[in-house]
Amino acid sequence: RVTDRLNAKLDFWRAKLPSGSDFDDHLRLFSHQSYEHILFGMGFESVLTGSPRNASDAPATPSASVERLVKVGRQQLPSHEDWLRQEIGAELPG
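The structure displayed is predicted, hence computed values, not measured ones. (Residues numbered from 1 in each chain as written. Predicted model: local features only at pLDDT ≥ 70, side-chain atom pairs only at ≥ 80, totals over all residues. Heavy atoms only, no water.)

Participant: Which residues make up the pattern of salt bridges, and what values go with them?
Facilitator: Opposite charge on two side chains lets them pair, provided their charged atoms get close. One pass over the structure, following the stated rule, counts three salt bridges. Across the salt bridge formed by Lys16 and Asp22, the nearest N and O atoms sit 3.1 Å from each other. Judged by relative accessible area, Lys16 falls into the partly exposed class, the value being 28%. Between Asp82 and Arg85 there is a salt bridge, and its shortest N-O distance comes to 2.7 Å. Linking Asp82 with Arg85, this pair stays in helix H4 (residues 80–88), spanning three residues, or about one helical turn. Given the relative accessible area of 33%, Asp82 is considered partly exposed. (Salt bridge = Lys/Arg side-chain N within 4 Å of Asp/Glu carboxyl O. Buried < 20%, exposed > 50% of the residue type's maximum accessible area, 1.4 Å probe, protein only. Helix = DSSP H or I, 4+ residues; strand = E, 2+ residues; numbered from the N terminus.)

This is how it looks when you write it as structure tokens:
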């Protein structure tokens, strides 16, 4: 269910992308950037962005710099499961 308040914000954001000043509560859980990511991930259109980017527009392969970062990350960072175990003592099922 979409509330009247959220509907009003969605209408507003069609003309202007979300910003920190759009939120009057100081104890909010998500930043305005989080709202942008969610909206664009859902295919939200505004007059500023037009239609959502088509997946076929994306490069077929990552750039060399991204490939290097991924390789370094895989070598130096723990797996997600290991990190959870180290940081919060979580044991994952399976």
